[in-house]
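Remarks on the overall topology
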Amino acid sequence: MDTRIGVHPGGMGESVPRAEDVRLVTGRGRYVDNIATAREVDMVVVRSPYAAAKIVGIDTSEAAAHPGVLAVLTGADLLADGIGTLHTIVSRHKRDGSPMERPPFHPLAIDQVRFVGEGVAIVVAQTRNAARDAADLVFVEYDEIDAVSSAAEAVGEGAPVVWPGLVDDNVSFVFEAGDRDRVEAAFAKADHVTELEFRVTRVSANPLEPRSALGGYDPVEERYTLTSGVQIPHKIRSEIAENTLGIDPMRLRLVSPDVGGAFGMKGSPFPEHILVLWAARRLGRPVRWTATRSESFLSDYHARDNFTTVTLALDRSGRFLGLKVRTKANLGAYLAFNTPHSPTNNLGGLSGVYTTPAIHAEVLGVFTHTQPTAPYRGAGRPEATYAIERVIDLAAQEMGIDRIELRRRNLIPESAMPYDTGFLFVYDTGQFERNMDIALEAADFAGFDARRDRSRAYGMLRGISLVNAIEIAGGPFRKTNEEGAEIRFDPGGGATLLMGTQNHGQGHETAFRQMAVEFLGLDPKTVRVVSGDTDVVRHGRGTFGSRSVMAGGLALRRAADKILARATVLAAHLMEADLESIEFDAGTFRVRDSNRNLRIEEVARASYVRGTFPDDWDLGLSEHAIVVPPEANFPNGAHVCEVEVDPQTGAVILDRYLVVDDVGTVVNPMLVKGQIHGGVAQGVGQAAGEEVVYDPENAQLLTGTFMDYPMPRAEDLPMIGVISNPVPSTNNALGIKGAGEAGTVGALPAYMNAVIHALSPLGVRHLDMPATPFRVWRAIQEARQA
C-alpha cells in the first residue's frame, strides 16, 4: 500500500471542487426550515423588554383566547413539569480557590429577568402569525431595577448586582495562568516597559441561517426528536437529555441537517431547544421555532467583550523579558454551555511566536445584565494574538526600533522545535521567520514608502502592518476530544462515510471524500458522507476549534486501516492466494508476481454474497473507529494588511491583505483558502465596524438590526492573497493543523495595527476597535488639537 499523501488522483492535496455546493447554491439544501412535518405548529417566545426586572405577574388569559392558540406557557409551568436548567461544562474557581457559583439558567425566566430578550413565556399556535399576534397579548408586569452592561463597570463599587446573595461582587471566577513571581522578577530588571489598555468588542455571530428548532415527541416510544442546526449533535443531545429533561440520552434523537453557518455560537444548547421539545410533548404535535433576525440579536449568545491591560517588559536591545495580561471578561447574565471557555482556555496564544521567558495572565469572569457569551470563531485566540501583536507595535514605537526587526529579534527559531513556551503550549513545528520573510516579499513591504507618498499626494493617509499569528487547534482536551468515523460498504460496492463531525460550511463532504480516495482508492462518485444524526452516526464529538479534518481524519484513517485488514483477507480468499502475497494500492488488491487483481468495490460486493466465504465468516464490509488525537497542533502564519485613510471623513479603505499560512498537511488547497478568506472577513468585520452596543444607563440593546450593526460586505474587502508554507505537524499521523479559525486570529491585530500606523504621524498612539469612520475621524481631531 502506498501511504504517501497526495499521490492519488482526487485524493488529498488536490483542489477538488466542493461536492456540496451543487445543492447549496441551487437552493436544494435541507435546512431546518425546509423540513416539513405533519400537524406541526409554531412557537413564539415572549421576551423581556428590560435588562433587569422582577416579574410581578403574568396574565396569559387574553393570549390563550386568541384564535388558533393552543398553549401559553410560563416559567411556572416549566417548573411544574420538572424541566431542569441549562448548564455550563467549564468549571472555574473563585479567588479563594472554591468552585465558582453556578446560577440557575432556566429556559424561561423565573421571578426575575436578567437581560433584554430573556424569555418569559411561549405561545404555541396553529400558525406563526397567530402565535406572534397572541404573544403581543401576554401581559407581564415588571418591576424594573438597576442594570449594568459593562464588565469594567460591573466590578466597580456600587455597581448593580446580577446575582445578589450568590455573587455579590459580580465576579464569577478568577483564572490565572503562568508564574506571577517569575514575571514580577522579569519586570524588575527591565530597561523598558510598555503598557496598553484596550477593549475587544462584543460581537454577534449572525450566521446566514438564523437559529431554528423543530421538536417532536413519540408517546409510543416515549422518545423526543429535535431537529436543529448545531455543531456538536451528540454532545448537545446528551446535555439536553441528562441535565435538562432528566432522561436517558437514547430517548432523544438530534438531527442536524445542512447548517447555514455557526461560527461557535451554534455549539451550545439553547433555551429554545428545550422549549420546543417540552411544548411538543404537552401538545402531542411537532413544534417549530425560527428566530427573526432582530430576535437573533436579542437571544443568540454573543462573544468576545473583554477589557484588557497588557504590559510588556524588554531589555535595552529589545529582547522580551516578560508579559503581564489582566482581563475583565463579560460573561453575560448566565453561564451558558461554554461561557467560561473563550476568555480562559486559549491564553497560550499570548506567547505568540516569540521567546518571551515569563508570562502571567489573570482573567476575571464578570456577570452583567447582558446575554450569555459563547465561543465565536477563534474563541480567545484572536484576543490573545491581538494583545501581544498590538503591544509589540507600541513598544517598537516607544523604543525607536523597527517593528519588523523587533519581532525578528524575538522569534522562536525553527531549530528550537519542539519548543516549550513555558506558558501552556509546546509547539511541535513551525517556520515563523520564513512565514514572515515570505509575507514581506510578497506584500512588497519595502515598497510601502512609495505607496504612502502617492497617497499623501492626494490627501490620504496610508498604513501597513505585519503580525505573526499562532493558535492551538484540535485540543488539548484529551479526555473529551475523541472523534468517531465509520466506513460502511453496501452490497453494490458503494461506500458511506458516517462522520461524527458536523459540516456547517467548511466543506467536510469534499474533504472526507478526498480522504476516502486517499486511504482506499475509491471512486469519489461512489462515496457518500453522512453526519448530524445521532440515530445514524454512532458517536461524535462534533465540529469546533479547527479540529474536524484532523480528528475526523484520524478516525477515518483508523477505520480505513481496519477495512483494509479485513478486505485483504477477503481478497486473498477470492483470489486463492496466500495472505502474505496480497498487495494493495489505489483501490486495487493484487497477488504479488501475478496478474490477478480485484478492486476493493468487487471485494465489498462479494462480501455480501452468501456461500462465497466460509460459513463462520461475517457477511458485509464495514468498520468503525473512535480515536483520541494524541496532541493538539499549532497552525500559524503571517498577515500583512495595508489601508488608506481619508483624514477628512475617517473612512478606512482596506487596500491590500496577504496571509502566509502554515496549516500542516493540506487536504484541499481551495478549501483552505476559502477558510482563510472567511476568517479574515470576520476578523476585519469586527475590527472595522461590528460591535454590540448597550445603553450604559439601562443595558438596553442599541444595535438590534443591521442598520446599527454593520456587517462586512464584499466591496469592503480586497482580493485576499493566500500563500501556503505548510510544515506538517508531528503531533498527529496525518500532519494536519487546523485551518478554520486561522484567518480571524491574525486579522484583528493586522487591521487595527495598519489603521493606527496610518494615524501615527498625527500622534495617535492607540485606537480601540472598531475603527469606524467616526472613531477614526475623532481620533484625528483629538490628535490635531493635542
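Overview of the structure. Remember, it's a predicted structure, so these values are computed and weren't measured experimentally.

Regarding the overall build of the chain
Counting its secondary structure elements, the chain contains 20 helices and 28 strands. Its C-alpha atoms give the chain a radius of gyration of 28 Å, near enough to 28 Å, the size a compact globule of 786 residues would have. Seen through its principal axes, the chain has C-alpha atoms that stretch 90 × 70 × 55 Å. Sorting the 786 residues of the chain into buried and exposed places 62% on the buried side. Sequence separation of at least 24 residues holds for 80% of the intrachain contacts in the chain that already meet a minimum separation of 6. Accessible surface, the chain: about 29600 Å² in total, of which carbon and sulfur atoms supply 49%. The distance from the centre of the 78 positive side-chain charges to the centre of the 101 negative ones in the chain is 3 Å.

Focus on the packing of helix α7 (residues 233-245) against helix α8 (residues 271-283)
Packed helix pairs are specified by the crossing angle of their axes together with the interaxial distance, meaning the distance between the axes. Contact geometry for α7 and α8: axes closest at 11 Å, N-to-C directions at 70°. One way to sum up the angle between α7 and α8 is to call them roughly perpendicular. When α7 is examined against α8, the residues Ile 240, Thr 244 and Leu 245 are found in contact with a partner set consisting of His 273, Ile 274 and Leu 277. Tallied by class, residues from the contact of α7 with α8 come to four nonpolar, two polar and no charged.

Things to note about a nonpolar patch on the surface
A surface patch of nonpolar side chains, about 230 Å² in accessible area, is lined by Val 569, Leu 579 and Trp 617. With respect to the helices and strands, the residue Val 569 is situated in helix α16 (residues 548-574).

Structural notes on the packing of aromatic side chains
As enumerated under the stated definition, the model contains 17 aromatic pairs in all. Ring geometry for Phe 115 versus Tyr 334: centroids 6.2 Å apart, planes at 80°, classification edge-to-face. Here the residue Phe 115 occupies a position in the loop between β4 (112-113) and β5 (119-125), and Tyr 334 occupies one in the loop between β14 (320-332) and α10 (341-345), the gap between them amounting to 219 residues. An angle of 75° between the planes, with centres 5.5 Å apart, marks the rings of Phe 297 and Phe 706 as edge-to-face. On the criterion of sequence distance, the pair formed by Phe 297 in helix α9 (residues 293-299) and Phe 706 in the loop between α18 (669-688) and β28 (720-724) is long-range, its members being 409 residues apart. By relative accessible area, Phe 297 is classed as buried at 1%. The structure contains a cluster of three or more aromatic residues connected by ring pairs, namely Phe 105, Phe 115, Trp 163 and Tyr 334. Positioned above the aromatic ring of Phe 270, the side-chain terminus of Arg 211 is 3.9 Å from the ring centre.

A look at the sheet that holds strand β21 (residues 527-530)
Spatial ordering of the open sheet is given by β21-β20-β19-β25, a layout of four strands whose pairing is mixed. Whereas interior strands pair on both sides, the edge strands pair on one side only; in this sheet they are β21 and β25 (621-627). In this sheet, neighbouring strand axes are inclined to one another by 15° on average, regardless of whether the strands run parallel or antiparallel. In the sheet, strand β20 (residues 495-499) pairs with β21 via four bridges, with the strands oriented parallel. By the bridge assignment for β21, Leu 497 is matched with Val 529.

A word on the sheet that holds strand β23 (residues 588-591)
In space, the three strands of this open sheet follow the order β22-β23-β24, with antiparallel pairing throughout. Of all the strands in the sheet, just β22 (582-585) and β24 (597-599) have a single pairing partner and so form its edges. Sheet twist, expressed as the mean angle between neighbouring strand axes with direction ignored, is 20°. Together, β22, β23 and β24 form the strand contacts of α16, whose direction differs from that of β23 by roughly 50°.

Regarding helix α14 (residues 448-457)
Those residues of α14 not exposed but buried are Phe 448, Arg 451, Arg 452 and Ser 455. Projected onto a plane normal to the axis of α14, the buried residues spread over an arc of 100° and lie on a single side. Summarising the geometry of α14, the exposed residues directed more than 90 degrees from the buried face are Arg 454 and Ala 457. Lining the buried residues of α14 we find β18 (461-470), β26 (636-645), β27 (652-662) and α19 (742-759).

As for the pattern of salt bridges
For the coordinates displayed, the defined rule picks out 49 salt bridges. Where Glu 209 meets Lys 266, a salt bridge forms, and the shortest distance between an N and an O atom there is 3.4 Å. Placement of the pair is Glu 209 in the loop between β8 (192-203) and β9 (212-218) and Lys 266 in the loop between β11 (252-255) and α8, with a sequence separation of 57 residues. For the pair Glu 209 and Lys 266, one class covers both residues: buried. Residues joined in a network through salt bridges with shared partners are Asp 444, Arg 451, Arg 462, Glu 642, Glu 644, Asp 655 and Arg 656.

Brief notes about the nonpolar core
Tyr 657 and Tyr 751 are the most contacted members of the largest nonpolar core, which totals 119 residues. In terms of residues, this core owes the most to one element, α19, which gives eleven residues. In this structure Tyr 751 touches Cys 641, Val 643, Val 652, Leu 654, Val 684, Ala 687, Ala 688 and Ala 771, once residues within four positions along its chain are discounted. With 48 residues, the next largest nonpolar core counts Ala 485, Val 529, Ala 572 and Phe 584 among its residues.

Focus: the packing of α18 against α19
Across the interface, α18 lies against α19 with an axial gap of 7 Å and an inter-helix angle of 40°. For the element pair α18 and α19, the recorded crossing hand is right-handed. Contact with α18, carried on its side by Ile 676, Gly 679, Val 680, Gln 682, Gly 683, Val 684, Gln 686, Ala 687 and Ala 688, involves Ala 742, Gly 743, Thr 744, Ala 747, Leu 748, Tyr 751 and Met 752 of α19 and no other residues of that element. Looking at side-chain class alone, the contact of α18 with α19 contains ten nonpolar, six polar and no charged residues.

Quick word on the pairing of β11
Strand direction decides the pairing type here: strand β10 (residues 223-227) and β11, joined by four bridges, are parallel. If you follow Thr 227 over to β11, its bridge partner there is Val 255. The parallel pair β10 and β11 is bridged by α7, and the resulting crossover is right-handed.

Reading the values: rules and limits
- The numbers attached to residues start from 1 for each chain and follow its sequence in the written order.
- Thresholds applied to this predicted model are a pLDDT of at least 70 for local features of residues and 80 or more for the giving and counting of side-chain atom pairs; totals over whole chains, interfaces and linings are not thresholded and use all residues.
- The side-chain values count all of the structure's non-hydrogen atoms but skip hydrogen atoms and water molecules.
- For the purposes of this entry, the term helix denotes a DSSP run of H or I that reaches at least four residues, the term strand denotes a run of E that reaches at least two, and both are numbered from the N terminus.
- Each radius of gyration is computed over the set of C-alpha atoms, and the globule rule expresses the reference value as 2.2 Å times the number of residues to the power 0.38.
- Buried means the residue's accessible area, taken with a 1.4 Å probe over protein chains only, is under 20% of the maximum for its type, while exposed means over 50%, and partly exposed covers the values in between.
- In this analysis, two residues are considered to be in contact whenever any of their non-hydrogen atoms come within 4.5 Å of each other.
- Throughout, the Shrake-Rupley method with a 1.4 Å probe supplies accessible areas, and for residues the shown protein chains are the sole cover considered.
- Charge assignment: positive for Lys and Arg, negative for Asp and Glu; neither His nor the chain ends contribute.
- Note on charges: their place is set at NZ of Lys, CZ of Arg, CG of Asp or CD of Glu.
- Axes here refer to lines fitted to C-alpha atoms; in helices the fit is confined to the stretch in contact. Angles between the N-to-C directions go from 0 to 180 degrees.
- When describing relative orientation, an angle under 35 degrees is termed roughly parallel and one over 145 degrees roughly antiparallel, while 65 to 115 degrees is termed roughly perpendicular and anything else oblique.
- Lys, Arg, Asp and Glu make up the charged group, whereas Ala, Val, Leu, Ile, Met, Phe, Trp, Tyr, Cys and Pro make up the nonpolar group; the residues left over, Gly among them, are polar.
- Distance thresholds for patches are 9 Å for like charges and 5 Å for nonpolar side chains (Val, Leu, Ile, Met, Phe, Trp, Tyr), applied to residues having over 30% relative accessible area and no salt bridge.
- For this analysis, a salt bridge means a side-chain nitrogen from Lys or Arg found within 4 Å of a carboxyl oxygen belonging to Asp or Glu.
- When the centres of two rings from Phe, Tyr and Trp lie within 6.5 Å, Trp using its six-membered ring, the rings pair. Their planes under 30 degrees apart give stacked, over 60 give edge-to-face, and anything left gives tilted.
- Throughout this description, the term charge over a ring refers to an Arg CZ or Lys NZ atom that lies within 6 Å of the ring centre and within 35 degrees of the ring normal.
- Whether two strands pair depends on DSSP finding at least two bridges between them.
- Taken from the helix axis, the directions to the C-beta atoms give the arc we talk about.
- What makes a nonpolar core is a set of buried Ala, Val, Leu, Ile, Met, Phe, Trp, Tyr and Cys residues whose side-chain atoms join them at distances within 4.5 Å.
- Crossings are classed by handedness, with left-handed meaning an anticlockwise turn of the near helix from the far one by less than a right angle and right-handed meaning a clockwise turn.
- Crossover handedness is defined here as right-handed if the route from the first strand over the helix to the second strand goes clockwise, with the strands pointing away from the viewer.

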